[in-house]
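# Descriptive analysis of the structure
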Amino acid sequence: MDSKTFNQILEIAFQKRVSDIHFEVDNPPFFRARGQIFRSKLPNLTGADTEFIVSRILEFNGRQLGNDIREMDASYSLPSGGRFRVSIFRQRGNFGIVMRVIPPSIGTFDELHLPPVLGEIAKAPNGLILVTGPTGNGKSTTLASMLRYLNESYSLNIITIEDPIEFLFTSQRSCIVQREVGIDTESFNTALKAVLRMDPDVVMVGEMRDMDTIDACIKAAETGHLVLSTLHTQGAVSTINRVLGHFTPDTQEIIRQRLADILVATVSLRLIKDKTGENILPVVEVMRSTTTIQACIREGRLDEIEKHIENGSSQYQMQTLDQHLMQLYKQDLINIEDAKRLTHSMDLERRLLVDNY
C-alpha cells in the first residue's frame, strides 16, 4: 500500500457514492453501498498496509503513529476535496479502519427526503433538540441539513463542537465557527464551558457522550441558547430514558423537570431501502414538546408519549416511526417486508394491509 493506491481507492469510493470503506488485515477492502457490504476484488491487506493507512491518516491530522493508539476518531480529505470520517481500532494486534464518506454537499430537507417540520423545529429561539438513531442512520446528515437551513435563513452566531468535523460550512447569513475535539479543544465538556463566552445563538454538539456533556448541554439550553446534539437511541422514550440514566437516581427527578422545560423536540432516524433497492430513504419519528408531553416527562409517564405523538400528527406535524412507514408504503416507495424489519409493532402488517384496502 502506498499513498497513491490509498487515495485511488478512496476516490473510487467517493465517485461511486459508497457510504463506508472497511480496511482489515487478511481481507480486501470492503465497501458499503445501498446498505449492503460488498467484498472488493482488490488484494488482501497486510498488517503493514493497515498500519500505513493509519499513519497516513494521523499525519493528515498532525499526529504520529504510536503504541498508545487503540481506538480513535479522525477525519481525512483527498486533494480533490472528498472528505471522510475515520474510525481507527485494533483487532488481534493489527489496525482496522472504517472510513465514512461525507457527502460533498449538504442536502436540503427536500433533497434528503426529511419532513419539512424540521425547519419549524430548528428555528426555535432556545432549548434542546436531539437527533437520535443507530450509528450510520443519518444523524450527522440531518443535523447538517438543519444547520444549513439556519445558515441560509437567519442571522445567527452558530458554533459547532465535533469529533471530528464532518461537513464543512461556509458562513452565509449566519456566522459559523467549527471546533474539533482533540485539535481545537480538549473535550466536548471543555468546549461547552468556553462556548458560552463566545456569544452563541446556536450550539451544535456532535454527540452527548457522558453525564458532564449532557449536563453542560442542558445548562446551555437553560441560559437561552438553542442546542442541537445526537444520541445513539431509537426513539423519543428511549432518548429521554438514556438522558436520565446518566444521572444518579436521587437527581433524576430534577433532571426530568429541567428536561421538560428545555426539550424542543426529538428526531429519531432509521434508514430503509426503497422498492428498487437502489436508494435509501429515512424513516423519521418526530416528537415535539407540547404541554402534554412536557407533563409526561415531568411526571415520569413516558409510556404515554408514543400515543401523544401519534395523536399530534395533524396539529403538531409529529409522527411515529410506524406512521412514517405507513406513509411510505402508501406512496408505493417501500416493501412491506422491509417495513416489518424496522417496526417494533406486532400488528403493523395488518394495519398496512387494512389501511391500503
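First things first, this report covers the structure right here in the doc. Model, not experiment: these values are computed from the prediction.

## Notes on the overall build of the chain
If you tally the helices and strands in the chain, you get 14 helices and 13 strands. Computed over the C-alpha atoms, the radius of gyration of the chain is 21 Å, within 12% of the 21 Å expected from 2.2 N^0.38 for a compact globule of 357 residues. Counting only C-alpha atoms and orienting by the principal axes, one finds that the chain spans roughly 60 × 55 × 40 Å. Across the 357 residues of the chain, 51% fall into the buried class. Within the chain, contacts between residues separated by at least 24 positions form 56% of all contacts whose residues are at least 6 apart in sequence. Carbon and sulfur atoms make up 47% of the accessible area of the chain, which amounts to about 17200 Å² in all.

## Focus on the pairing of strand β11 (residues 226-231)
With respect to burial, β11 is a largely interior element, six of its six residues being buried. Of the two faces of β11, the one holding L226, L228 and T230 and the one holding V227, S229 and L231 are both buried throughout. Looking at chain direction, strand β7 (residues 127-132) and β11 are connected through six bridges and run parallel. Bridge assignment links I129 to a residue of β11, and that residue is L228. One ladder, built from four bridges, connects strand β10 (residues 202-205) with β11; its direction is parallel. If you follow V205 over to β11, its bridge partner there is S229. Chirality of the crossover, the property in question, places the unit of β10, helix α6 (residues 211-222) and β11 among those that are right-handed.

## Some thoughts on the sheet that holds strand β1 (residues 20-23)
Judged by pairing direction, the sheet is antiparallel, and its six strands sit side by side in the order β3-β2-β1-β6-β5-β4 without closing on themselves. Two strands close off the open sheet at either side, each with one partner strand: β3 (36-39) and β4 (71-77). Adjacent strand axes in the sheet meet at a mean angle of 20°, parallel and antiparallel pairs treated alike. The pairing of β1 with strand β2 (residues 30-33) spans three bridges and is classified as antiparallel. When the bridges of β2 are listed, H22 appears paired with F30. Against the sheet, helix α2 (residues 47-60) contacts β1, β4, β5 (83-91) and β6 (94-102), and its axis sits at roughly 50° relative to β6.

## A word on the environment of G133
Tracing the backbone shows G133 in the loop between β7 and α4 (139-153). Linking G133 and T230, residues 97 residues apart in sequence, is a C-alpha distance of 8.2 Å. If we ignore the near neighbours within four places in the chain, the residues touching G133 are K139, L231, H232, T233 and L269.

## Focus on the sheet that holds strand β12 (residues 263-273)
Strand order in this open sheet of seven strands is β9-β8-β10-β11-β7-β12-β13, and the pairing throughout is mixed. With one partner strand each, in any of the chains shown, β9 (175-180) and β13 (280-288) form the two edges of the open sheet. Averaged over all pairs of adjacent strands, the angle between strand axes in this sheet comes to 15°, irrespective of strand direction. Helix-sheet contacts for helix α5 (residues 188-195) involve β8 (157-162), β9 and β10, and the interaxial angle to β8 is about 165°.

## Observations concerning the pattern of salt bridges
Following the criterion strictly, the structure yields 16 salt bridges and no others. Residue R85 is joined to E166 by a salt bridge in which the shortest nitrogen-to-oxygen separation is 2.8 Å. Taken as a pair, R85 in strand β5 and E166 in the loop between β8 and β9 lie far apart in primary sequence, 81 residues in all. When its relative accessible area of 10% is taken as the criterion, E166 is described as buried. The partner of R341 in a salt bridge is D338, and the shortest N-O contact between them spans 2.2 Å.

## With respect to the packing of α6 against helix α8 (residues 252-262)
Contact pair α6 / α8: the axes reach a minimum separation of 10 Å and the direction vectors enclose 50°. Classified by the angle between their axes, α6 and α8 sit oblique to one another. When you trace α6 past α8, the crossing you get is left-handed. Between α6 and α8, the residues in contact are D215, I218, K219, A221 and E222 and I255, R258 and I262, respectively. Broken down by class, the residue content of the contact of α6 with α8 amounts to four nonpolar, no polar and four charged.

Cut-offs used in this document
- Note that residues are indexed from 1 along each chain, following the sequence as it is written.
- The model is predicted, so local features are restricted to residues of pLDDT at least 70 and side-chain atom pairs to those at 80 or more, both for listing and for counting; the totals for chains, interfaces and linings are taken over all residues.
- Excluding hydrogens and water, the side-chain figures rest on all heavy atoms present in the structure.
- Here a strand is any run of E in DSSP of at least two residues, a helix any run of H or I of at least four, and the numbering for each starts at the N terminus.
- A radius of gyration in this sense is built from C-alpha atoms; the matching globule rule multiplies 2.2 Å by the number of residues raised to 0.38.
- Three exposure classes are used, based on accessible area relative to the maximum for each residue type with a 1.4 Å probe and protein chains only: buried under 20%, partly exposed in between, and exposed over 50%.
- Any two residues whose heavy atoms approach within 4.5 Å at even a single point are treated as in contact.
- Using the Shrake-Rupley algorithm and a 1.4 Å probe, accessible areas are obtained, with residue cover drawn only from the displayed protein chains.
- The rule for pairing is simple: two strands pair if DSSP sees at least two bridges between them.
- Handedness of a crossover is defined as follows: with both strands directed away from the viewer, a clockwise route from the first strand across the helix to the second makes it right-handed.
- Orientation is described by axes fitted as lines to C-alpha atoms, over the contacting stretch for helices, and by angles from 0 to 180 degrees between their N-to-C directions.
- The term salt bridge refers to a side-chain nitrogen of Lys or Arg lying within 4 Å of a carboxyl oxygen of Asp or Glu.
- To sort the angles, those under 35 degrees are grouped as roughly parallel, those over 145 as roughly antiparallel, those from 65 to 115 as roughly perpendicular, and the leftovers as oblique.
- Definitions for this section: a left-handed crossing has its near helix turned counterclockwise from the far helix by less than a right angle. A right-handed crossing has that turn clockwise.
- Think of it as three bins: nonpolar holds Ala, Val, Leu, Ile, Met, Phe, Trp, Tyr, Cys and Pro, charged holds Asp, Glu, Lys and Arg, and polar takes everything else, Gly as well.

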